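What the coordinates show
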Amino acid sequence: MENLIALLIAAPLLGAAVLLTGGRRLDRVGHWIGTLLSAASFVFGLILFVDLLGKNAEHRTLIKHLFSWVPVAGFQADATFRLDQLSMTFVLLITGVGSLIHLYSVGYMEHDERRRRFFGYLNLFLAAMLLLVLADNYLLLYVGWEGVGLASYLLIGFWQHKPSAATAAKKAFLVNRVGDMGLSIAIMLMFTTFGSFAFGPVLSHATQASEGKLTAIGLMLLLAACGKSAQVPLQSWLGDAMEGPTPVSALIHAATMVTAGVYLIVRSGAVFNAAPDAQLAVTVVGAVTLLFGAIVGCAKDDIKKALAGSTMSQIGYMVLAAGLGPIGYVFAIMHLVTHGFFKAGLFLGAGSVMHGMNDEVDMRKYGGLRTYMPVTFITFGLGYLAIIGFPGLSGFFSKDKIIEAAFAKGGTEGWILGGAALLGAAITAFYMTRVMLMTFFGEKRWQPDENGNEPHPHESPRVMRIPMIVLAVGSVFAGGLFSIGDRFLHWLEPVTGHSEGHSPVSAWTVTGATMVCLLVGVGIAWAQYGRKPVPAVAPRGSLLTRAARRDLLQDDFNHVVLVRGGEHLTRSLVYVDHTLVDGVVNGTAAGFGGLSGRLRRLQNGFARSYAVSMFGGAALLVAATLLMRAV
Amino acid sequence: MSFPLLTATAALPAVGAVITAAVPAARRTAAKWLALLVSLATLALAVTVLVRFDPDGARYQLTESHAWIKDFGVRYELGVDGIAVALIALTALLIPFIILAGWNDADPLETGSRRWRPTQGFFALILAVEAMVLISFEATDVFVFYIFFEAMLIPMYFLIGGFGDRAHEHGEAAASTQRSYAAVKFLLYNLVGGLIMLAAVIGLYVVAGNFSLQEIAQARASGSLHMATNTERWLFLGFFFAFAVKAPLWPLHTWLPNAMQEATAPVAVLITAVVDKVGTFAMLRFCLQLFPEASKWATPAILVLSLISIVYGALLAVGQRDIKRLVAYASISHFGFIIMGIFAMTSQGQSGATLYMVNHGISTAALMLVAGFLISRRGSRLIADYGGVQKAAPVLAGTFLIGGLATLSLPGLAPFVSEFLVLVGTFARYPAIGVIATFGIVLAALYTLVLYQRTMTGPVKPEVSAMPDLRARELVVVAPLIVLLIFLGVYPKPVTDIVNPAVKQTMSDVHKTDPKPSVEAAK
């Protein structure tokens, strides 16, 4: 059985290798090879899942040691995989949603001449993401961690003839590298503290280390998570990442890769449990981001960027839950999975809309699309109901639990975090209703473009509709399936641990408050975008709206401080290197005997003779000194 | 007496160089093939060394020892430890690729130009450099080492000064002047370093009475050879200075960008991937072994300089407008990592540094050779002259990206393993320095990806729209390097197995043990 774990990764890796080196003769079948190998990986995952279910809850960990990776004295990194309930959950999410999105892309990328390469990158992503969640030590996890970063870089910049896409890809990689610094330092700290960075030794001995060390490790892991999961202050790349083809946004920048930070924190739970300050920092980052992303999501007219803000915000919920410790871990992962369904579904829906609208992304140029693309409308609508937490749908269960857990943290912190989570629920309801109304309701607002081409909205082909339908079904039922009878809790508890907090407010009060927030959010959005027609040109808006359109000025800050500052720094250093460092050395040489004068002459052709004479001189010096010694 | 394998490995390219140079001018192609075959045969001998070497055996193996200059106790002594074996293998491996990549670099210029380009000489000089580099890795006699360490400057000088990129934006005359400047600068820097080392070599002889590395090291370890603290420090500095010029370490680095910029890409690879490695190798072999106490004394200063190299080199790379200068500054940053790993005085740092030398050789070769193919197509080294190349030449762009990703130490590719080992090995003893060095990974991503973005992506510039993709010969050069980068990233064990025992010896030379983790976790 353990060998299947290696095959799980090998299948998409093989696909990537074949598709990227295979050349043009694979152009006609490449997309099916990619889809098939992704599906094969999903089937392997299912077999392993059934196998795990057949075992006792305490014995659901499979370890597969492949080979010794970096053996150096005192430093042992192995290529070892660990499949337990946590990684199993991810495996099914990654390969399941991944396969659906492969299928969708067959239709979506049909007219792209580089479709084969696109599927090669998608397979590469799957392999790296599986490595990330299956690694048994942090260094191997790092390989997957940057592997998904590479795949993300390649896919954001897939249309790299567009300068905006190439810039966005570079930005994503760079911001993630800042996070990677955190991961690097965390691993180094683990090594000096525990003499190891494998999950077993680190997590089982965590309590023996000093709290200071654990806090440092925790904060560095948080930095890493901020980069990968687009959390404040490293969130700025996610909006730009929407330059990538929409299936990429759905798979990588919504359902899977961006949730890797949550995985990292939950996986390292033992470290965080013993480092309350680090936990507090995690909850603060989560709470700030869930509001930040939601506010940005309210102001965007680009449907994908609105959804990107939403993704940031929803991951904020997960990070918040993960920071709460054992009362939140399970719900962080549960929301991660349900979010994987509905957000992937929403993005695929957005892609379907764009597909029918000549790649238009501005929602102000949509309107009334529900009659033109009914399947997209219904599946998108179900995803919408799920994300705002409509009772009975997936998001209702998973988000409600997080809000409850936030209150259960207790004390002032509990009230603040819980309050932020509730407020976030209201804003979520607002911006998602706004997206829904602007896209599918009201009057049609699209116009012919400069060339007189008017979009002819139409439903997408079946190969795209099927994944949307499957994800919509998941958006509706997953939450209930997981929550009723606490199935998901019992499944994950052996790995993450679980404790009930002492909430100052009852569960029903929380649910009630959430419902009120939901209604308020929907109501305001209806008043603004449902009752009256949406203007085709965005009004100037309030100060907050304008700031939110610019991602709350994050990029402006980065530009002034980092980009400009960096340019000045490197430019002055180039000058310093040329005049000062080089000048001092040349000057010293000149001082030693008019070398600079000779240098000038040397350039006229005496160089060779000079070299020879210099060497001759050196040899003479040797001979003379040796002679002295001999005498 | 057994077959002198080490002598043969170094002598073969030397003899090959002489014969190649003697090929008549009209038989240019024959000279190229001869040089390639000689380099391949040398590779075969190097592989034999690799196979015959027993990592768990004696420290120095395949030793040869003959009296040479009896009066001064100079002996022709050769021997290799794991570190030397790894670098010999790297050198012998890279030379055939360098020759193949430079296949047309030294052809006579088009009719109308009066410049004479001695094709045979180009390939003979490359083989001559190989021979001298190999014997530098093998020599266990300080004097023998010194001779070849210095002598390799001569063929290098002619390679830099005599052969530049074919098309030059300012015309052939300007190019020739700049080349001469770069070549002389290279020569003067290294000669000054060499002369200071010479003084130290003589000083060492005065103190120890012979030049044998093993004898002196043993005498020092057993206490029979006492060296006054100040004497040891001065001698150490003399050796270290020469190696720091060669490596090169900030602020002695300014010759490298000029040399790499003016030389053809294969020669630039020869400089940075092969010749410069002698400097870092010699720090491990001679500085630490002969002067252990002085090495520890100088460690803080050297670590700071290497840290400056890492950050400064990377920042300068970000600011470059010339592709080859950018790679040169990136190399300065990487040499900072290597030197930092050596002087961190931990097993991880030193194993990492040795692995880094190997990996950096391969990754720089991949990046620089593809850059050379690119430059030869467009006739310009300026980044701004490119744009959208990936549309016209996707395979070239793809291999360039992989070379770049190796340069930024992407996990999964070989350089990641060595860079992380260096970082963790440094962090274990000097946390603050380790953390600051980590900034290097962000800056490396910056200069690499900016270079890729500006040259390969965006709208296709008219000048590059008809650019041909990689040819078969070029693919033969690049593909094996990429395969190696992936292989050594996934499975570096073959190299670490050879290197680890040698590093253990070096660690005991300097009487250092690795810091213990604060919590003893069950492994």
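Residues numbered from 1 in each chain as written. Chains lettered and ligands numbered in written order. Predicted model: local features only at pLDDT ≥ 70, side-chain atom pairs only at ≥ 80, totals over all residues. Heavy atoms only, no water.

As recorded in an unreviewed UniProt entry, chain B goes by NADH-quinone oxidoreductase subunit M and comes from Streptomyces alanosinicus. Listed under Sequence similarities (unreviewed entry) in UniProt, the entry text for chain B is "Belongs to the complex I subunit 4 family." (UniProt positions renumbered as here; feature names shortened; annotations may be inferred.)

Identification of chain A as NADH-quinone oxidoreductase subunit L from Streptomyces alanosinicus is taken from an unreviewed UniProt entry.

Some details on the overall build of chain A
Of the regular secondary structure elements, chain A holds 24 helices and two strands. In summary, chain A has a C-alpha radius of gyration of 28 Å against a globular reference of 25 Å for 631 residues, a match within 12%. Within the span of chain A, comprising 631 residues, buried residues form 60% of the whole. When contacts within chain A are restricted to residue pairs at least 6 apart in sequence, those whose partners lie at least 24 apart make up 80%. Surface exposure of chain A reaches about 23300 Å², of which carbon and sulfur atoms provide 66%. (Helix = DSSP H or I, 4+ residues; strand = E, 2+ residues; numbered from the N terminus. Rg over C-alpha atoms; globule rule 2.2 N^0.38 Å. Buried < 20%, exposed > 50% of the residue type's maximum accessible area, 1.4 Å probe, protein only. Contact = heavy atoms within 4.5 Å. Areas by Shrake-Rupley, 256 points an atom, 1.4 Å probe, with all protein chains shown as cover.)

Details of the interface of chain A and chain B
Every contact between the two is made by 73 residues of chain A and, on the other side, 86 residues of chain B. Summing the contributions of chain A and of chain B, the shared interface buries around 7000 Å²; its carbon and sulfur component is 74%. Run the count over chain A and chain B and you get one salt bridge. Note that E113(A) and K391(B) form a salt bridge whose closest N and O atoms lie 3.7 Å from each other. Top contributing element to the side of chain A that touches chain B by residue count: helix 6 (residues 163-194) of chain A, with 19 residues. Each residue belonging to the side of chain A that touches chain B can be placed in one class, and the counts come to 45 nonpolar, 16 polar and twelve charged. (Buried area = accessible area lost by both parts, 1.4 Å probe. Salt bridge = Lys/Arg side-chain N within 4 Å of Asp/Glu carboxyl O. Nonpolar A, V, L, I, M, F, W, Y, C, P; charged D, E, K, R; others polar.)

Considerations on the packing of helix 3 (residues 82-101) of chain B against helix 11 (residues 265-290) of chain B
Residue and element names in this part refer to chain B. Relative orientation of the contacting elements helix 3 and helix 11 amounts to 170°, with a least axis distance of 9 Å. When the axis of helix 3 is compared with that of helix 11, the two are roughly antiparallel. Together, I83, A84, L87, L90, T91, L94, I95, I98 and A101 of helix 3 and P266, V269, L270, A273, V274, F281, L284 and R285 of helix 11 make up the contact between the two elements. Looking at side-chain class alone, the contact of helix 3 with helix 11 contains 15 nonpolar, one polar and one charged residues. (Axes fitted to C-alpha atoms, helices over the stretch in contact; angles between N-to-C directions. Parallel < 35°, antiparallel > 145°, perpendicular 65-115°, else oblique.)

What about a nonpolar patch on the surface?
Together, F557(A), V560(A), V561(A), L562(A) and V563(A) give the surface a local cluster of nonpolar side chains, amounting to about 470 Å² of exposed area. Along the chain, the position of L562(A) falls in helix 23 (residues 554-591). (Patch = residues over 30% accessible without salt bridge, like charges linked within 9 Å, V, L, I, M, F, W, Y side chains within 5 Å.)

A closer look at helix 14 (residues 347-378) of chain B
Residues and elements named next belong to chain B. In a regular helix each residue adds 1.5 Å, so 32 residues correspond to 46 Å; helix 14 covers 46 Å between its end C-alpha atoms and thus fits that length. Of all 32 residues in helix 14, 30 are buried, a share of seventy percent or more. Count one or two residues on from helix 14 and you reach G379, which has phi positive near 75°. (Expected span 1.5 Å × (residues − 1).)

Looking at the UniProt feature "domain: NADH:quinone oxidoreductase/Mrp antiporter transmembrane" (unreviewed entry) in chain A
Under the local residue numbering, the UniProt record ascribes the feature "domain: NADH:quinone oxidoreductase/Mrp antiporter transmembrane" (unreviewed entry) to residues 135-417 of chain A. When the span residues 135-417 of chain A is considered, its composition is 75% helix and 0% strand, and the gap between its end C-alpha atoms is 32 Å.

Here's the deal with the confidence of the model for chain B
Looking at chain B, the pLDDT average stands at 90 and 96% of residues meet or exceed 70. If you check the scores for this complex, the pTM reads 0.92 and the ipTM reads 0.92. (pLDDT = per-residue confidence, 0-100.)

Examining unusual backbone geometry
Of note, the bond from A247(B) into P248(B) is cis; its omega dihedral lies within 30 degrees of zero at -20°. Following the sequence through the fold, P248(B) ends up in the loop between helix 9 (229-246) and helix 10 (255-262). The amide bond that connects W250(B) to the next residue, P251(B), takes the cis arrangement and shows omega of 5°. Counting through the fold element by element, P251(B) comes out in the loop between helix 9 and helix 10. Although it is not a glycine, D359(A) adopts a positive phi angle of roughly 65°. Considering the arrangement of structural elements, one finds D359(A) in the loop between helix 15 (329-356) and helix 16 (374-388). Among the residues examined, D359(A) registers a relative accessible area of 54% and is labelled exposed. Positive phi, normally seen in glycine, also occurs at S409(B), with a value near 60°. Mapped onto the fold, S409(B) is located in the loop between helix 16 (394-407) and helix 17 (414-429).

Focus: the environment of R177(A)
Positionally, R177(A) belongs in helix 6. Sequence-wise, R177(A) and K228(A) are 51 residues apart; in three dimensions their C-alpha atoms are separated by 9.1 Å. Not counting the four nearest positions on each side in its chain, R177(A) is found in contact with E146(A), L408(B), S409(B), L410(B), P411(B), I441(B), V442(B) and A445(B).

Looking at the environment of G179(A)
Residues and elements named next belong to chain A. Looking at the element boundaries, G179 is found in helix 6. Sequence separation between G179 and M190 is eleven residues, and the spatial gap between their C-alpha atoms is 17 Å. In this structure G179 touches L223, A224, G227 and L234, once residues within four positions along its chain are discounted.

Let's talk about the packing of aromatic side chains
Taken as a whole, this structure holds 44 aromatic pairs over all chains when the rule is applied. Seen from their ring centres, Y121(A) and F158(A) are 6.2 Å apart, and the 85° between their planes marks the pair as edge-to-face. In this pair, Y121(A) is assigned in helix 4 (residues 115-134) and F158(A) in the loop between helix 5 (138-156) and helix 6, connecting sequence segments 37 residues apart. You'll find Y121(A) and F158(A) in the same group, each marked buried. Among the aromatic residues, those joined into a ring-pair cluster are F145(B), F149(B), F239(B), F243(B), F286(B) and F291(B). Above the face of the F158(A) ring, R114(A) is positioned so that its terminal group lies 4.5 Å from the ring centre. (Phe/Tyr/Trp six-rings, centres within 6.5 Å; stacked < 30°, edge-to-face > 60°. Lys NZ or Arg CZ within 6 Å of the ring centre and 35° of its normal.)

Looking at the packing of helix 14 of chain B against helix 17 of chain B
Residue and element names in this part refer to chain B. Contact geometry of helix 14 with helix 17 gives a least axis separation of 8 Å together with a crossing angle of 150°. Considered as vectors, helix 14 and helix 17 are oriented roughly antiparallel to each other. Here helix 14 and helix 17 pass one another in a crossing that is left-handed. On helix 17, the residues that touch Q348, G349, G352, A353, L355, Y356, N359 and S363 of helix 14 are A414, P415, V417, S418, E419, L421, V422, V424 and G425. Tallied by class, residues from the contact of helix 14 with helix 17 come to nine nonpolar, seven polar and one charged. (Left-handed = near helix turned anticlockwise from the far one by under 90°.)

Describing the side chain of S398(A)
All names here are of chain A. With respect to the secondary-structure elements, S398 resides in helix 17 (residues 394-408). Residue S398 is classed as buried on the basis of its relative accessible area of 1%. For S398, the contacting residues outside a window of four places in its chain are M334, H335 and T338.

What to know about the nonpolar core
Within the largest apolar cluster, 423 residues are counted, with the highest numbers of intra-cluster contacts made by F75(A), F239(B), F243(B) and F343(B). Ranked by residue count, the leading element in this core is helix 11 of chain B, at 18 residues. Residues in contact with F343(B), not counting those within four places in the same chain, are F236(B), F240(B), M283(B), L288(B), S295(B), T299(B), I302(B) and L303(B). (Core = buried A, V, L, I, M, F, W, Y, C linked by side-chain atoms within 4.5 Å.)

Focus on helix 9 of chain B
Here helix 9 of chain B contains 18 residues, and its C-alpha end-to-end distance of 26 Å stays within 8% of the 26 Å for a straight helix at 1.5 Å per residue. Among all positions in helix 9 of chain B, only E232(B), L235(B), F236(B), G238(B), F239(B), F240(B), A242(B), F243(B), A244(B), V245(B) and K246(B) are buried.

Here we look at empty space enclosed by the protein
Throughout the structure, instances matching the rule amount to eleven cavities of 30 Å³ or more. Its volume calculated, the largest cavity comes out at about 110 Å³. Every residue lining the largest cavity is counted, 14 residues in all, and those nearest its centre are G239(A), V296(A), K300(A), M312(A) and D551(A). Those elements that provide at least two residues to the lining of the largest cavity are helix 9 (236-240), helix 13 (276-299), helix 14 (303-323) and helix 23 of chain A. Top element by residues in the lining of the largest cavity is helix 14 of chain A. It accounts for four residues. Of the residues belonging to the lining of the largest cavity, the class tally is four nonpolar, five polar and five charged. The wall of the second largest cavity is formed by Y142(A), E146(A), R177(A), S184(A), L408(B), S409(B), P411(B), F416(B), E419(B), F420(B), L423(B) and I441(B). Where the lining of the second largest cavity is concerned, the elements lending two or more residues are helix 5 and helix 6 of chain A together with helix 17 of chain B. A per-element tally of the lining of the second largest cavity places helix 17 of chain B first, with four residues. In terms of residue class, the lining of the second largest cavity is made up of seven nonpolar, two polar and three charged. (1 Å grid on protein atoms, 1.4 Å probe; cavity = no way out; pocket = protein on both sides within 12 Å on 5 of 7 lines; lining within 4 Å. Points joined across faces, edges and corners; volume = space filled by probe spheres on them.)

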